[in-house]
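Architecture and fold: a report
The lines below spell out each chain.
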Amino acid sequence: MSTETAVKAAPAAKPAASRGSGILLAVTGIITLAGIALWAYQLTRGLIVTDMRNLTSWGLYIGTFTFFVGLSAGGLIIASIPRVFGLAGFKSVSKIAVWSSICCTVLAVALVVVDLGHPERIWHLVAYSNFTSPLMWDIIVITVYLIVSVVYLRATMRAEKGEGSEKALKVLSVVALSCAILVHSVTAWIFGLQIGRAFWNTALMAPVFITSALVSGLALVLVITLVLQKTGYLKRDQDMVTRMAGMLGVFVIVELFLFFCELLTAGYPAAGMEFETVKAMLAGPLAPMFWTEIVSGVLAAALLIGKKTAAVPALAGAGAALALLGAFIQKYEMLVSGFQFPNLTYWSVPTGPAAWSAGALVYLPTATEAGIVLGIAALGVFILTLGLKKLALKPAE
């Protein structure tokens, strides 16, 4: 009588990419919880735990809000433009670009909430709405934009299954593109329509914000694409990566040109608050941010425009990361520079050149602010990763 040894089959090992996404979800989840704990601390102590005071009503929260609005608008613009104009776009990453836009919009809303000293009073925005205020315009546009983004992603998924009308999807693409442009224009007008702030009151604010959205949005999509190609989630498509890098390089150059126009207009008269702000950027307390932004932009353009460097995924990713860094610094520096000269005089508080001579800025984020923003950013990575795992965002075979 023969004997048989029953050998249990070993369970199949999980793919490395799946294990990696699980670790990423755990790490970002922990960082998000830490950010929520810091926000709870801020709620109990009040905004005194930030460096925002009467002179600086906005700080890191709103500066980062404008950055995430740009990321969200840029991603949807990149996804919708090819379908609107019948161009050969980046179809394989279009759904991922829209999902990244949705994630960034959620983060932008979260940043507005944490900026409120009493978020439980947010219903006042509805009960006592002032429709002549750009702030109210922004609330309406962002709400509509988030809804349109979700509907557009759903429609794109259905179209891949052969459901729905291609004509209807094209019409929806036009609506999505219009909302993406409008959402960043209205955000720009929050600053551009304030006549009493140096470097804010300019007609270039909306074009600068839209260009910055194209830079940051495409840079984010390029970084995500390179990571997903590396992990095997997406098939390698070097031609698409090279085209994305080249387009991003052109956007970075346009962004640098518009910034130069602002500097020239503000500095050429050699007088006034704008001129003093330009001096502070070139060789004052704002100089570290200014030169980091310029160097990041120039290096990014060089890496992305060059065909040989753009063909190397690591260099293309470095160029996209530098473009993101420059876009973030631009938004934050723009906000901080506008508060260096107060609209009201506080005799006991040095501002402008008086503060700069002591090597100080009117505002510097606290560790609490930085921790909360880091927690919100981690939440974005968490939601993005969860969507990649649970939603049908892979391109159709």
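Scroll up to find the structure.
1. Considerations on the overall build of the protein chain
Across its full length, the protein chain holds 14 helices and zero strands. Each helix (α) and strand (β) of the protein chain, taken in turn from the N terminus, gives the series α-α-α-α-α-α-α-α-α-α-α-α-α-α. The globule rule puts the C-alpha radius of gyration for 397 residues at 21 Å, and the 23 Å found for the protein chain is close to it. Seen through its C-alpha atoms, the protein chain measures out along the principal axes to roughly 100 × 50 × 45 Å. Sequence-distant contacts in the protein chain: of pairs separated by 6 or more residues, those separated by 24 or more amount to 78%.

2. Remarks on the packing of helix H7 (residues 205–231) against helix H8 (residues 238–267)
At a minimum axis separation of 9 Å, H7 and H8 run at an interaxial angle of 155°. As far as their axial angle goes, H8 and H7 are roughly antiparallel. The crossing of H7 and H8 is left-handed. Each residue belonging to the contact of H7 with H8 can be placed in one class, and the counts come to 19 nonpolar, four polar and two charged.

3. Digging into the environment of Lys-308
Looking at where Lys-308 falls in the secondary structure, it is placed in helix H11 (residues 307–310). When the C-alpha positions of Lys-308 and Thr-242 are compared, they lie 9.4 Å apart, and in sequence the two are 66 residues distant.

4. Details of unusual backbone geometry
The phi angle at Ala-270 is positive, at roughly 60°, despite the residue not being glycine. Within the secondary structure, Ala-270 is located in the loop between H8 and helix H9 (272–283). Assessed through its relative accessible area of 47%, Ala-270 is described here as partly exposed.

5. Some details on the side chain of Thr-28
With respect to the helices, strands and loops of the structure, Thr-28 is situated in helix H1 (residues 16–45). A residue is classified by how much of its surface remains accessible, and Thr-28, at 6% relative accessible area, is buried. A polar contact of 3.3 Å, which involves the side chain of Thr-28, links it to the backbone oxygen of Leu-25. Apart from the residues within four sequence positions on either side, Thr-28 is in contact with Ala-378, Val-381 and Phe-382.

6. Comments concerning the pattern of salt bridges
This model, assessed by the stated rule, comprises four salt bridges. With a shortest N-O distance of 3.6 Å, Lys-279 and Glu-276 are connected by a salt bridge. Taken together, the residues span about one helical turn, with Lys-279 and Glu-276 both in helix H9 at a distance of three residues. Residue classification places Lys-279 among the partly exposed residues on the basis of a relative accessible area of 40%.

7. Side note on the nonpolar core
Core analysis: the biggest nonpolar cluster contains 104 residues, and Phe-191, Leu-222 and Leu-248 have the highest contact counts within it. Excluding its chain neighbours within four sequence positions, the residues that come into contact with Leu-222 are Val-241, Met-244, Ala-245, Leu-248, Leu-304, Ala-316 and Ala-320.

8. Remarks on the packing of aromatic side chains
Taken as a whole and assessed by the stated rule, the structure comprises eleven aromatic pairs. Centroid distance Trp-123 to Tyr-128: 6.3 Å. Interplanar angle 45°. Geometry classified as tilted. Tyr-128 gets classed as exposed once you look at its relative accessible area, which sits at 59%. Taking 6.1 Å as the distance between ring centres and 40° as the angle between the ring planes, the aromatic pair formed by Phe-191 and Phe-209 counts as tilted. Here Phe-209 lies in helix H7 and Phe-191 lies in helix H6 (residues 166–192), a separation of 18 residues in the sequence. Taken together, the ring pairs in this structure connect Trp-58, Phe-191, Trp-200, Phe-209 and Phe-339 into an aromatic cluster.

9. Points about the side chain of Thr-187
Locating Thr-187 in the fold gives a position in helix H6. The residues touching Thr-187, leaving out its near neighbours within four places in the chain, are Phe-65, Thr-66, Val-69, Asp-138 and Phe-209.

10. A short note on the packing of H7 against helix H12 (residues 313–338)
Relative orientation of the contacting elements H7 and H12 amounts to 145°, with a least axis distance of 9 Å. Crossing of H7 against H12: the hand is left-handed. Packed against H7, whose contacting residues are Met-205, Val-208, Phe-209, Ser-212, Val-215, Ser-216, Ala-219, Leu-220, Leu-222, Val-223 and Leu-226, the element H12 presents Pro-313, Ala-316, Gly-317, Ala-320, Ala-321, Ala-323, Leu-324, Ala-327, Gln-330, Lys-331 and Met-334 at the interface.

11. Concerning H7
Compared with an ideal rise of 1.5 Å per residue, which puts 27 residues at 39 Å, H7 spans 39 Å between its outermost C-alpha atoms and is within 8% of the ideal. With 21 of 27 residues buried, H7 is to be regarded as a mostly interior element. Looking one or two residues past H7, Gly-232 carries a phi angle of roughly 90°, positive in sign.

12. Some words on a nonpolar patch on the surface
Where nonpolar side chains cluster on the molecular surface, the patch consists of Ile-122, Leu-125, Val-126 and Ile-139 and spans about 340 Å² of accessible area. By the element assignment, Leu-125 lies in helix H4 (residues 124–127).

13. Some thoughts on the state of the cysteines
Scanning all chains against the criterion turns up zero disulfides. Between Cys-104, a free cysteine, and Cys-103, which holds the nearest cysteine sulfur, the sulfur-to-sulfur gap is 6.7 Å. Here Cys-104 falls in the buried class, since its relative accessible area comes to 5%.

14. Digging into helix H5 (residues 134–160)
Between its terminal C-alpha atoms H5 stretches 38 Å, which fits the 39 Å expected from 27 residues at 1.5 Å a residue. Turning to H5, its buried residues are Pro-134, Met-136, Asp-138, Val-141, Ile-142, Tyr-145, Val-148, Ser-149, Tyr-152, Leu-153, Thr-156 and Met-157. Those residues of H5 hidden inside the fold are in contact with helix H2 (60–85), helix H3 (94–115), H4 and H6. Looking at where H5 begins, the residue whose side-chain oxygen comes 3.1 Å from the main-chain nitrogen of Leu-135 is Ser-133. Once H5 ends, the next one or two residues include Gly-162, with phi positive near 85°.

Rules used throughout
Residues numbered from 1 in each chain as written. Predicted model: local features only at pLDDT ≥ 70, side-chain atom pairs only at ≥ 80, totals over all residues. Heavy atoms only, no water. Helix = DSSP H or I, 4+ residues; strand = E, 2+ residues; numbered from the N terminus. Rg over C-alpha atoms; globule rule 2.2 N^0.38 Å. Contact = heavy atoms within 4.5 Å. Axes fitted to C-alpha atoms, helices over the stretch in contact; angles between N-to-C directions. Parallel < 35°, antiparallel > 145°, perpendicular 65-115°, else oblique. Left-handed = near helix turned anticlockwise from the far one by under 90°. Nonpolar A, V, L, I, M, F, W, Y, C, P; charged D, E, K, R; others polar. Buried < 20%, exposed > 50% of the residue type's maximum accessible area, 1.4 Å probe, protein only. Polar contact = N/O pair within 3.5 Å; in protein donor to acceptor, adjacent residues only side chain to side chain. Salt bridge = Lys/Arg side-chain N within 4 Å of Asp/Glu carboxyl O. Core = buried A, V, L, I, M, F, W, Y, C linked by side-chain atoms within 4.5 Å. Phe/Tyr/Trp six-rings, centres within 6.5 Å; stacked < 30°, edge-to-face > 60°. Expected span 1.5 Å × (residues − 1). Patch = residues over 30% accessible without salt bridge, like charges linked within 9 Å, V, L, I, M, F, W, Y side chains within 5 Å. Areas by Shrake-Rupley, 256 points an atom, 1.4 Å probe, with all protein chains shown as cover. Disulfide = S-S within 2.5 Å.

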